[in-house]
Amino acid sequence: MDQGFRFRCQAHVRRLLYLMLATIALLIAFQYFEFPLTKILSLFSVGNARNFFPTQLSSPSSQILSNRSISTFSNEFHHTMNSGEASISEKNAQTNDSKEMEQNTKRNHVSESSEASIHTFGVISNKSSSGSEVKRAMAPVISFTNVTEKIAMAMAPDMSLANNTEDFARALSPVISFTNITEVLASILEKNKSSGTFRVSATRKKSWKPPLRVISLTQMNDLLQKSRASSYSVRPNKLLEVDHQMMLARSQIENAPGIENDTILYAPLYRNVSMFRRSYELMENILKVYIYQDGEKPIFHQPILEGIYASEGWFMKHMEGNKIFVTEDASKAHLFYIPFSSRLLELTLYVRHSHSRNNLIEYMKNYTDMITSKYLFWNRTSGADHFVAACHDWAPAETRGRMLNCMRALCNADIEVGFNIGKDVSLPETYVRSAENPLKNLEGNPASKRRNLAFFAGNIHGYVRPILLEYWENKDPAMKIFGPLPHVKGNKNYIEYMKSSKYCICPKGHEVNSPRIVEALFYECVPVIISDNYIPPLFEVLEWESFAVFVLEKDIPHLKSILLSISPERYVEMHKRVKKVQQHFLWHSKPVKYDLFHMILHSIWYNRVFQM
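Heads up: these notes are all about the structure in this document. (Residues numbered from 1 in each chain as written. Predicted model: local features only at pLDDT ≥ 70, side-chain atom pairs only at ≥ 80, totals over all residues. Heavy atoms only, no water.)

## Some details on the pairing of strand β6 (residues 452–456)
The buried fraction of β6 is high, at five of five residues. Where β6 and strand β8 (residues 501–507) come together, three bridges link them in parallel fashion. Looking across to β8, one finds that Phe-455 is bridged to Cys-504. Following the backbone out of β6, through helix α19 (residues 464–472) and into the adjacent parallel strand β7 (residues 479–481), one traces a crossover that is right-handed. (Buried < 20%, exposed > 50% of the residue type's maximum accessible area, 1.4 Å probe, protein only. Helix = DSSP H or I, 4+ residues; strand = E, 2+ residues; numbered from the N terminus. Pairing = 2+ DSSP bridges. Right-handed = clockwise from strand over helix to strand, strands pointing away.)

Pasting the structure below:
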């Protein structure tokens, strides 16, 4: 009997040792391999999570996730960390006027619906712990570049007691950790904590931190020249008459005769005004575009003509209504247009609160599969002679897969997320407030009557704008740098500032693009672009540095010095060039020569010609 008892004891001891070893191994895995938080917490509800972290989350007073379950939070957080290159769009570009945003087709409903999640940081309770306490509590949990307390606050939106954050940090510290943070946004949030309101918001990991590398304008120019020298287009299986026409057009453009004293085209605005004018003439004379009639409304064939995504809508409207360039005979087409709206794709198919664009991407993939199987046009060049015009921030993701072979006219023209210089076209993001009168309030004050050195106002999206305001808001009377301006009917204050400032600051938001660039040209204000890796609109044709200022994000502290280093004579010339280039960025009820419709189409034509 003693031997049996000893045998049973030994068996129990072995099982206990095995259990202890497994537990230790699991803890080591958590600590050193950063086991995904989502895969653990998604198995538990709030109640079960208390059993998983029995000490930290046992009392009702320490339910720091408010009315949201831990699994919901963890899923949203995990998705935010791993989302694709295209982020949620810039909301309220000039004003927080809800009526104006409703007229703008309720854009960015994703951000509007996420006030309780990690994606938006709003009002914090007056009982919240101080910023320094939150920072100390959350430091072991999570940190990103240029993001400090805002992440802590976002993860625990109802932290009424300091020990709640400490408990939460202790609970999660073995689970997840990231790179240490910098200090700029920490100080911003520390200054705002007294009011109980945080003005910094972020909706995607990408918008929280700078890119890993910065491509200079000089490097972009080199890439453009290299793309001209070595064509990467798929050679057609059989050369048709249209191919010979395109090759002949390239030869004529490259050997364009010089021009002098053109009354319409001001030579300093262009890379090569002779080549541009000859290319434009050839486009007018020979270009034919076939438009796919496949696809159902509203995603296809239904343009949106107001709001910050209006460029894709106005281009679709003018393209489908055109009688000069459009042909119904595909054998005569040099280009093939897929008339979809990236904005309406999002409004129609995006599942609110899902934080997933997979169904949008799949929808466009299925459409491409359909036209490639139904028609022979695509297969002849693998889509190299097809193009789309899409302005929503998610368009780069929606046009992946086979559609990457297309020429993509994109507002989100970020070289770090797949924009191909020399093939793709940077589509100007234009904020159209009135579809009936897109030219309303055009023009601004003369150079001599612009009393403000610089101006910016807008919502604080991404990581660049908080830094801009940290250094320049209310710091210098010549630098009119604000957050959102108080609402005035017709956005009058914003427009007046644009019309009376020498330089209009155009910082990136969630993504590299901003409607402020075209607005600055619209109101004859020299644009100052602060957006690393952004390819400016119509890049293949225009010499942007002749009429705009480019400031690296890291040089924001020196912004005023950079602007003051521009001589008065140079500024007057730049202002003159802004007025000259303005014609290329205007939408008209009916297309006009050299207007934005023709310039977008020309850039697509131009890139295709140089692929031949």
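## Some thoughts on the packing of aromatic side chains
A complete count under the given rule lists 30 aromatic pairs for this structure. Residues Phe-276 and Tyr-594 carry aromatic rings whose centres are separated by 6.0 Å and whose planes lie at 40 degrees to one another, so their mutual orientation is tilted. You can see Phe-276 sitting in helix α13 (residues 273–286) and its partner Tyr-594 sitting in the loop between α23 (568–581) and α24 (596–609), a full 318 residues away along the chain. Take Tyr-594: its relative accessible area is 5%, and that puts it in the buried class. (Phe/Tyr/Trp six-rings, centres within 6.5 Å; stacked < 30°, edge-to-face > 60°.)

## Quick word on α19
For the α-helix, the turn length of 3.6 residues means that residues three or four positions removed from each other point alike. Most of α19 sits inside the fold, with eight of its nine residues counted as buried. Where α19 is concerned, the buried positions are Val-464, Arg-465, Pro-466, Ile-467, Leu-468, Leu-469, Glu-470 and Trp-472. Positive backbone phi, at 60 degrees, marks Asn-474, one or two positions downstream of α19.

## Quick notes on the state of the cysteines
Applying the stated criterion to the full structure yields two disulfides. Covalent S-S linkage joins Cys-391 and Cys-411, the inter-sulfur distance amounting to 2.0 Å. Since a negative S-S torsion denotes a left-handed disulfide, the Cys-391-Cys-411 link at about -95 degrees is left-handed. Here Cys-391, found in the loop between β3 (386–390) and α18 (395–398), pairs with Cys-411, found in the loop between β4 (407–410) and β5 (425–426); they are 20 residues apart in sequence, far enough to count as distant. Taken individually, Cys-391 and Cys-411 each receive the classification buried, so the pair is uniform in this respect. (Disulfide = S-S within 2.5 Å.)

## Here's the deal with the pattern of salt bridges
Under the definition given, this model contains 17 salt bridges. Measuring nitrogen to oxygen at the nearest pair gives 4.0 Å for the salt bridge that ties Arg-277 to Glu-281. In this pair, Arg-277 and Glu-281 are both assigned in helix α13, four residues apart and thus about one turn of the helix distant. When its relative accessible area of 27% is taken as the criterion, Arg-277 is described as partly exposed. Classification of Glu-281 as partly exposed rests on a relative accessible area of 29%. Of the charged contacts in the structure, one is a salt bridge between Lys-560 and Asp-476, with a shortest N-O distance of 2.4 Å. Of this pair, Lys-560 sits in helix α22 (residues 559–564) while Asp-476 sits in the loop between α19 and β7, and the two are 84 residues apart along the sequence. (Salt bridge = Lys/Arg side-chain N within 4 Å of Asp/Glu carboxyl O.)

## Description of the packing of helix α15 (residues 342–349) against helix α16 (residues 358–374)
Helix-helix packing is characterised by the crossing angle of the two axes and by the distance between the axes. One can describe the packing of α15 onto α16 by two numbers: an axis separation of 10 Å at closest approach and a directional angle of 125 degrees. Comparing their axes, α16 and α15 come out oblique. When the axes of α15 and α16 are compared, the crossing they make is right-handed. Across the interface between the two elements, Leu-345, Glu-346 and Leu-349 from α15 touch Asn-359, Leu-360, Tyr-363 and Met-364 from α16. For the contact of α15 with α16, the per-class residue count stands at five nonpolar, one polar and one charged. (Axes fitted to C-alpha atoms, helices over the stretch in contact; angles between N-to-C directions. Parallel < 35°, antiparallel > 145°, perpendicular 65-115°, else oblique. Left-handed = near helix turned anticlockwise from the far one by under 90°. Contact = heavy atoms within 4.5 Å. Nonpolar A, V, L, I, M, F, W, Y, C, P; charged D, E, K, R; others polar.)

## Some words on the sheet that holds β6
Taken in spatial order, the five strands of this open sheet run β7-β6-β8-β9-β10, and their pairing is parallel. Here the strands that pair on one side only, and so sit at the sheet edges, are β7 and β10 (549–550).

## Let's talk about the sheet that holds strand β2 (residues 335–337)
Picture the strands of a sheet paired through backbone hydrogen bonds; they go either parallel or antiparallel. Sheet architecture is open: five strands sit in the order β1-β2-β3-β4-β5, paired in parallel fashion. The sheet is open, and its two edges are formed by β1 (289–291) and β5, each paired on a single side. Pairing of β1 with β2, which is carried by three bridges, proceeds in the parallel orientation. Looking at the pairing, Val-289 lines up with Leu-335 of β2. Of the strands in this sheet, β1, β2 and β3 touch helix α14 (residues 310–320), which is tilted by about 135 degrees from β3.

## Considerations on a nonpolar patch on the surface
Side chains of Leu-16, Leu-17, Tyr-18, Leu-19, Met-20 and Leu-21 sit close together on the surface and give an oily, nonpolar patch of about 660 Å² of accessible area. With respect to the secondary-structure elements, Tyr-18 resides in helix α1 (residues 2–33). (Patch = residues over 30% accessible without salt bridge, like charges linked within 9 Å, V, L, I, M, F, W, Y side chains within 5 Å. Areas by Shrake-Rupley, 256 points an atom, 1.4 Å probe, with all protein chains shown as cover.)

## A closer look at helix α11 (residues 217–229)
Look at α11: 19 Å from first C-alpha to last across 13 residues, which is about the 18 Å you get at 1.5 Å a residue. Where α11 is buried, its residues touch α12 (241–254), β10 and α24. (Expected span 1.5 Å × (residues − 1).)

## Quick word on the packing of α12 against α13
Remark: α12 packs on α13, axes separated minimally by 8 Å, with the N-to-C direction vectors making an angle of 155 degrees. Compared by their axis directions, α12 and α13 come out roughly antiparallel. Relative to α13, the crossing made by α12 is right-handed. Facing Gln-245, Ala-249, Gln-252, Ile-253 and Glu-254 of α12, the residues of α13 in contact are Met-275, Arg-278, Ser-279, Leu-282 and Ile-286. Looking at the contact of α12 with α13, its residues break down into five nonpolar, three polar and two charged.

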